[in-house]
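These are the residues of each chain, in order.
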Amino acid sequence: MSKKGVNIKIDELKTDVGFIKNLQLSFGKLVAETWTEPMGPTPFPSLTALREWDFKLLQRYKPFYLPYCDVCCLCTFGKCDLTGDKRGACGINMSAQQSRIVLLACCIGAATHIGHARHLLEHLIEKFGHNYPLDVGGLNIKVEAPVTRLVCGVKPETLGDLEEVLDYVETQVTHLLSVAHTGQEGSNLDFESKVLHAGMVDHVGMEVADIAQIAAYGFPKADPEAPLVDLGYGTINVEKPVILCIGHNVVPSIGIIDYMKDNGHDGEIEVCGLCCTAHDITRYYKRGKIIGPISWQLRFIRSGVPDVVVLDEQCVRADSFFEAQRIKAPVIVASEKNCMGLPNRTNDPADAIVEDLLNGKAPGALILDPEKVGEVAVKLALKVAPLRKKFKVIPEVDEVIQRAKECRQCNDCRRACPQDLHIPEAIKAAATGNLAKLADLYELCVGCGRCEHACPVGLTVHSFIVKAGEKKLKEETYKVRAGRGAIQDVEIRNVGSPIVLGEIPGVVAVVGCSNYPKGGQEVAEICTEFANRRFIVVTSGCSAMSAAMYKNEEGKTPYEYFTGEFTSGCLVNVGSCVSNSHIAGAAIKIANIFAKRNLRANYEEIADYILNRVGAVGVAWGAYSQKAASIASGFWRLGVPVIVGPHGIKYRRMLLGRADREEDWYVYDARTGEKVYVGPTPEHLFYTAETKEEAMVMIAKLCMRPNDTMKGRAIKLTHYIDLHKRLYGTMPEDIHLFVRTIADVPVTMKDEIVKILEEKGWKETVIPDPTLLPRLIRKKKE
Amino acid sequence: MAAEPWQTAEIPGPKKALVVTKPEVVAAMIKKAKHPILVVGHKAVETELDKKKLIDLMIELAKKAKIPVVATAHIISEFHKRKYKPAGFMPVVDIGNRLVDAEWSGIDGKGPHDLALFVGLPYYMEWTILSGLKHFAPNLKTITLDNVYHPHASWSFPNTSVKDWVENLRVIIEKFEEGGK
């Protein structure tokens, strides 16, 4: 770590005690520089430092805007009608306005992770000290913070070192957010560049959060054999008191687990979680249980099972407090970002808080001390559980049938449903005593509850669906591998060459939220398909949970039959949302460890390397949050394309290549300076797929890179063609764009493909040493 | 039903689709167009209308009106099973992205399209694609053939029953049987 702290310079100062001249003082870091790698061109990059790189990407992957509506309503000049090419009162047009909204979303996402990181780090420094070492994998991880090293040009060694990294990213987010103010940026492309900047700093923030908690809490340290842990409603022993934690910041949950262990209650209480906190609970405590993704919040609270509900931050339903009240479960809110209107009891004695929550004097409490959260939650759970036995909100079958008879078949529930589920038909059948159609909706429902708010007669439609699917709910017992954290350097060394040369057909990162078009099964299918095809498959967050909710004929979940090692044919759960940084980190480490490219503040070169050589694709099949948007934009700037599910089209713009425009697909050959056509590889940077089938074909296609060797390209083409034939029922029409020489053609399909090449007038080209950066050309052409 | 967006929260803004009250109008607009295109989404295979699938009606329309078809998602094989070869198949975001390019030579290479008909996409995908076209393809008119109101189209049917939907599509197709293009 080389960055200094505060510098004070006094030229002249006269005081009562004397006269000071030319005094210079430095406070803060005086840590010796231990990183010998030369500093690259862009340490702590400003908003415009990487603008040229961004414009290269945006020239090829032009934004296609898909506005939600015609107006801008951000300031009091408006509302302004921006239909077509109209400009608003501030002068902005629709393209810029849409990219401004994307920037806002990404700033929210980045700020969320960075704010989380700051809270976490402050707590850990208070508990463990500034000098606590950042061990995230022992000797297996020499590049402990690849994203931070790449972006900031510093090598953090202790928790204290991370503070300065956060100083930088917080500053950047403030600047970025100010860009969205009325009367600032006017160019959509500059907005887009800043979107990419937001994503980049988001990845730094995520990395800070995860390496700090891995080091301090002893989470699995880059462990391919991280333990298999329980997932699903059915894994909860409802006979025990149940504490449910929801959110992303694990600190209060750790307070609970520590208090429980320290006071002899380990094993007496079920500690379970929803969303990313759940991942981090199981990284800390093997007996912890994951209920499921964010979309399980409503159904699990309504089941009546939780005795105490603890809310921290991010992805917590805003009505979870009210839902918990309905099942008489006391609520503890543990984050200053999510106070839910509850009184601040942080300074009150724990027993007094327990008493008030137990006797119903207060339905909930805000407690900002995680240790006190632990004490209150455990004591409360032990006392409240016996009082809550047999309490249910999910209606009984008879009640569902009776209430279903009140349905007017007005369709309002269906029109409110983001999935357009055929709810009225199912209610109609339920009124006759047949709950089968409602049960069919269980796996398709994303658990938003909009149907209930739309119902004019107040039917609790979501509860009806959960009741009908209760059998499935109770049978949800799965195994997921606890989040392992980073990828080991040796794993990178083992797979770097086959990835870069194309012999491992690709790295597929299945990440993001659970806004799935047809239920979570599709996530499991995507993961399984590509792991079986010997791709490297990594997961995180809610998608990592959904990937587990599927069993083969032997009753095993994908995490049980695929390896947790980062290698061909694996299924690797890196962990919670902030662990996404390890996926970007793995791509960066391939460039650094395998290809020996300098990492330090050398962003453009590394991103150029990844774009042209590392066949990685992000898939966020259920992406819906602002954090998902910023995570994706961090991947785009690194040259990793991202596919989202159909709801992802509501992110308002795509970054799409045009395969039909030959001029867009030239790179420099770094050996000669020649410009070489490399085909649309990868064709898109941000893309939404209408169906799972389309996504799967596109995953295989987007893994192709200009640098693929002939053998590698043949392998990748084999997967692309095979999936296309199976899922589309036909040959792809663009094979000729990906064949550089005849040796690229898969041997088993040679005759068929050569015939197509001849029909398309295909001509052979060369395989370059590809780059988009003229400064990397080793011998310039005269 | 009234011309309200099918999804209740989908409020477009000042410019909303004109409501098609008579299906004959759609037929007339197709006839008037110089180079229309029909984009068929995957739900056309899942949607059954009057013992036929929506895709079958679209094939009938495309053949009679001589409209080039783009199949989106993975449903190209469903067209081939029915012995019909669409002019192209591509992801819906790709066809949308090409349609905003005034210089694009069309799915069949015969020049820019002046009318795009959409059917069978998930509602929220169709509304966003139509919105992109409304704002960024000024020379293109759009019509949705779905039975739900799409406010971002140039013209849309209101929310209608399946029975009326089939009838509307039948009328459009019959107009071509009577006069052709």
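A brief report on the enclosed structure follows. Since this is a predicted model, take the numbers as computed values, not measurements.

### Comments concerning the overall build of chain A
- In terms of helices and strands, chain A carries 28 helices and 23 strands.
- In terms of principal-axis extent, the alpha carbons of chain A reach across some 90 × 85 × 60 Å.
- For chain A, the proportion of its 782 residues judged to be buried stands at 65%.
- Counting only carbon and sulfur atoms, one obtains 51% of the accessible surface of chain A, whose full area is about 27600 Å².
- In chain A, the 95 positive side-chain charges and the 97 negative ones have mean positions that sit 1 Å from each other.

### Observations regarding the overall build of chain B
- What chain B contains, in helices and strands, is seven helices and nine strands.
- A globule of 181 residues ought to have a C-alpha radius of gyration of about 16 Å, and chain B, at 15 Å, matches this closely.
- Along the longest, intermediate and shortest principal axes, the C-alpha atoms of chain B span 40 × 40 × 30 Å.
- When the 181 residues of chain B are sorted by exposure, 64% land in the buried category.
- A fraction of 67% describes how many contacts in chain B between residues 6 or more apart in sequence connect residues 24 or more apart.
- Within the structure as shown, chain B displays about 7100 Å² of accessible surface, and the carbon and sulfur contribution to it stands at 53%.
- Side chains of chain B give 25 positive and 21 negative charges; the mean places of these two sets differ by 4 Å.

### So, the interface of chain A and chain B
- In this assembly, 52 residues from chain A lie in contact with 48 residues from chain B.
- When chain A packs against chain B, close to 3900 Å² is buried across both sides, 57% of that on carbon and sulfur atoms.
- Broken down residue by residue, the surface that chain A buries against chain B is led by Phe64, Arg415 and Glu690 of chain A, which jointly contribute 21%.
- Linking chain A with chain B are six salt bridges.
- For Glu4 of chain B, the salt bridge is made with Arg415 of chain A, and the minimal N-O distance between the two is 3.7 Å.
- For the pair chain A and chain B, the number of links is 23 residue pairs in polar contact (both at pLDDT 80 or more).
- Counting residues per element, the ones that place at least two in the side of chain A that touches chain B are strand 3 (62-65), helix 2 (94-128), helix 13 (412-416), strand 19 (653-656), strand 22 (684-688), helix 26 (692-702) and helix 27 (710-728) of chain A.
- Split into classes, the residues belonging to the side of chain A that touches chain B amount to 24 nonpolar, twelve polar and 16 charged.

### Remarks on the environment of Ile423 of chain A
Residues and elements named next belong to chain A.
- Inspection of the secondary structure assignment puts Ile423 in helix 14 (residues 423-431).
- Ile423 sits in the buried class, given a relative accessible area of 1%.
- A C-alpha to C-alpha distance of 26 Å links Ile423 and Val305, two positions 118 residues apart in sequence.
- In this view, Ile423 contacts Cys413, Cys417, Leu441, Cys451 and Val461; residues no more than four positions away in its chain are not counted.

### Topic: the sheet that holds strand 23 (residues 770-771) of chain A
- Taken in spatial order, the three strands make up an open sheet running 21-20-23 (chain A), and their pairing is antiparallel. Every other strand in the sheet has two partners, leaving strand 21 (675-677) and strand 23 of chain A as the edge strands with one partner each.

### A closer look at the pairing of strand 19 of chain A
Residue and element names in this part refer to chain A.
- The two faces of strand 19 match: Arg653 and Leu655 on one face and Met654 and Leu656 on the other face are all buried.
- Relative to strand 19, strand 3 is paired through four bridges, and the arrangement is antiparallel. For Lys62, the partnering residue across the bridge sits in strand 19 and is Leu656.
- Pairing between strand 19 and strand 22: two bridges, direction antiparallel. Bridging from a neighbouring strand, Leu655 pairs with Phe686 of strand 22.

### Re the pairing of strand 8 (residues 141-144) of chain B
Residues and elements named next belong to chain B.
- Sheet topology places strand 7 (residues 115-119) next to strand 8; four bridges connect them, and they run parallel. Pairing of Ala116 across the sheet is with Thr142, part of strand 8.
- As for the winding sense of the linkage, the β-α-β connection from strand 7 through helix 6 (residues 123-136) to strand 8 is right-handed.
- Bridge count for strand 8 against strand 9 (residues 155-156) is two bridges, and the pairing is parallel. By the bridge assignment for strand 9, Ile143 is matched with Trp155.

### A closer look at the packing of helix 2 of chain A against helix 25 (residues 626-637) of chain A
Residues and elements named next belong to chain A.
- The N-to-C vectors of helix 2 and helix 25 enclose an angle of 95°; their axes lie 7 Å apart at closest approach. Considering their axes alone, helix 2 and helix 25 lie roughly perpendicular with respect to each other. Along its contact with helix 2, which presents Ala105, Cys106, Ile108, Gly109, Ala110, Thr112 and His113, the element helix 25 presents Gln626, Lys627, Ala629, Ser630, Ile631 and Ser633.

### Concerning the sheet that holds strand 17 (residues 616-620) of chain A
Residues and elements named next belong to chain A.
- The sheet built from eight strands is open, its strands ordered 3-19-22-18-17-14-15-16 with mixed pairing. In the strand order of this sheet, the two ends are held by strand 3 and strand 16 (570-575), each with one partner. The mean angle between the axes of side-by-side strands here comes to 25°, regardless of whether they run parallel or antiparallel.

### What about the side chain of Ser546 of chain A?
All names here are of chain A.
- By the secondary structure assignment, Ser546 is in helix 21 (residues 541-548).
- On the basis of relative accessible area, Ser546 is assigned to the buried category, the value being 2%.
- Discounting residues that sit within four places of it in the chain, Ser546 has contacts with Pro293, Tyr516, Gly520, Val523 and Ala524.

### Overview of helix 1 (residues 51-60) of chain A
- When helix 1 of chain A is considered as a whole, its buried residues turn out to be Trp53, Asp54, Leu57, Leu58 and Arg60 of chain A. Looking straight down helix 1 of chain A, one finds that the buried residues subtend no more than 165° of arc, so they occupy a single side.

### Some remarks on the packing of aromatic side chains
- Tallied over the full model, the rule gives 19 aromatic pairs over all chains.
- Look at Phe44 of chain A and Tyr168 of chain A: their rings are 5.1 Å apart centre to centre, the planes differ by 75°, and that puts the pair in the edge-to-face class. With Phe44 of chain A in the loop between strand 2 (18-27) and helix 1 and Tyr168 of chain A in helix 4 (residues 161-179), this pair connects stretches of sequence that are 124 residues apart.
- Taking relative accessible area as the criterion, Tyr168 of chain A reaches 7% and is therefore assigned buried.
- The rings of Phe128, Tyr132, Tyr217, Phe219 and Tyr284 of chain A are connected pair by pair, giving a single aromatic cluster.
- The ring of Tyr124 of chain B has Lys650 of chain A sitting right over it, with the charged end atom 4.6 Å from the ring centre.
- Over the face of the ring belonging to Phe176 of chain B we find Lys31 of chain B, whose NZ or CZ atom lies 5.3 Å from the ring centre.

### Digging into the nonpolar core
- Ile243, Leu438 and Phe530 of chain A together with Leu38, Met58, Leu145 and Ile172 of chain B are the most contacted members of the largest nonpolar core, which totals 331 residues.
- Looking at this core, the element that brings in the most residues is helix 5 (residues 188-217) of chain A, giving 16 residues.
- When near neighbours in sequence (up to four residues on either side) are disregarded, Ile172 of chain B contacts Pro23, Val26, Ala27, Ile30, Leu61, Leu145 and Phe157 of chain B.

### Focus on the environment of Asp210 of chain A
Residues and elements named next belong to chain A.
- With respect to the helices and strands, Asp210 occurs in helix 5.
- Taking the C-alpha atoms as reference points, Asp210 and Ser253, 43 residues apart in sequence, are found 16 Å from one another.
- For Asp210, the residues in contact, after removing those within four places along its chain, are Arg283, Ser576, Val578, Ser579 and His582.

### A short note on the side chain of His203 of chain A
All names here are of chain A.
- With respect to the secondary-structure elements, His203 resides in helix 5.
- Among the polar contacts listed, one links the side chain of His203 to the backbone oxygen of Ile631, at a separation of 2.9 Å.
- His203 has contacts with Val147, Ser581, Ala584, Ser630, Ile631, Gly634 and Phe635, leaving out every residue within four places of it along the chain.

### Points about unusual backbone geometry
- Following Gly78 of chain A, the chain continues into Lys79 of chain A via a peptide bond in cis, with omega recorded as 5°.
- Inspection of the secondary structure puts Lys79 of chain A in the loop between strand 4 (71-72) and strand 5 (80-81).
- Of note, the bond from Thr681 of chain A into Pro682 of chain A is cis; its omega dihedral lies within 30 degrees of zero at -10°.
- Mapped onto the secondary structure, Pro682 of chain A falls in the loop between strand 21 and strand 22.
- Although it is not a glycine, Lys328 of chain A sits at a positive phi angle of roughly 60°.
- Within the fold, Lys328 of chain A resides in the loop between helix 9 (320-326) and strand 11 (331-333).
- Although it is not a glycine, Lys51 of chain B sits at a positive phi angle of roughly 65°.
- Structurally, Lys51 of chain B is set in the loop between strand 3 (48-49) and strand 4 (52-53).
- Here Lys51 of chain B falls in the exposed class, since its relative accessible area comes to 80%.

Criteria and thresholds
Along each chain, numbering runs from 1 in the same order as the chain's sequence is written. The lettering of chains begins at A and the numbering of ligands begins at 1, in the order of writing. In keeping with the model being predicted, local features are shown solely for residues with a pLDDT of at least 70 and side-chain atom pairs are shown and tallied solely at 80 or more, while totals for entire chains, interfaces and linings include all residues. With hydrogens and water stripped out, all remaining heavy atoms of the structure feed into the side-chain values. Per the convention used, a helix needs a DSSP run of H or I reaching at least four residues, while a strand needs a run of E reaching at least two, with both numbered from the N terminus. Relative accessibility thresholds used throughout: buried, under 20% of the residue-type maximum; exposed, over 50%; partly exposed, between the two (1.4 Å probe, protein chains only). Surface exposure here means Shrake-Rupley accessible area, sampled with a 1.4 Å probe, where a residue is shielded only by the protein chains that are shown. For the purpose of charge, His is not counted, nor are the chain termini; Lys and Arg are scored as positive and Asp and Glu as negative. We put the charge of a Lys on NZ, of an Arg on CZ, of an Asp on CG and of a Glu on CD. Atoms counted for the radius of gyration: C-alpha only. Globule rule: 2.2 Å times residue count to the power 0.38. Two residues form a contact once any of their heavy atoms are found within 4.5 Å. Summed over both partners, the accessible area (1.4 Å probe) lost when two parts come together is defined as the buried area. Between Lys or Arg on one side and Asp or Glu on the other, a salt bridge is scored when a side-chain nitrogen of the former is within 4 Å of a carboxyl oxygen of the latter. The definition of a polar contact used here is a pair of N or O atoms within 3.5 Å, where within protein one atom must be able to donate a hydrogen and the other to accept one, and adjacent residues in sequence count solely through side-chain atom pairs. Asp, Glu, Lys and Arg are counted as charged, while Ala, Val, Leu, Ile, Met, Phe, Trp, Tyr, Cys and Pro are counted as nonpolar; the rest, among them Gly, fall into the polar class. DSSP calls a pair of strands paired once it identifies at least 2 bridges connecting them. Think of it like this: strands point away, you trace from the first strand over the helix to the second, and a clockwise trace means the crossover is right-handed. Only the stretch in contact is used when fitting a helix axis, every axis being a line fitted to C-alpha atoms; angles between N-to-C directions are given from 0 to 180 degrees. An angle below 35 degrees is read as roughly parallel, one above 145 as roughly antiparallel, one from 65 to 115 as roughly perpendicular, and any other as oblique. It is the directions from the helix axis to the C-beta atoms that the arc portrays. Ring geometry is summarised as follows: Phe, Tyr and Trp rings, the Trp one being its six-membered ring, pair when their centres sit within 6.5 Å, and such pairs are stacked at plane angles under 30 degrees, edge-to-face over 60 and tilted between the two. Counted as over-ring charges are cases with an Arg CZ or a Lys NZ within 6 Å of the ring centre that also lie within 35 degrees of the ring normal. Grouping buried Ala, Val, Leu, Ile, Met, Phe, Trp, Tyr and Cys residues that are joined through side-chain atoms within 4.5 Å yields what is termed a nonpolar core.

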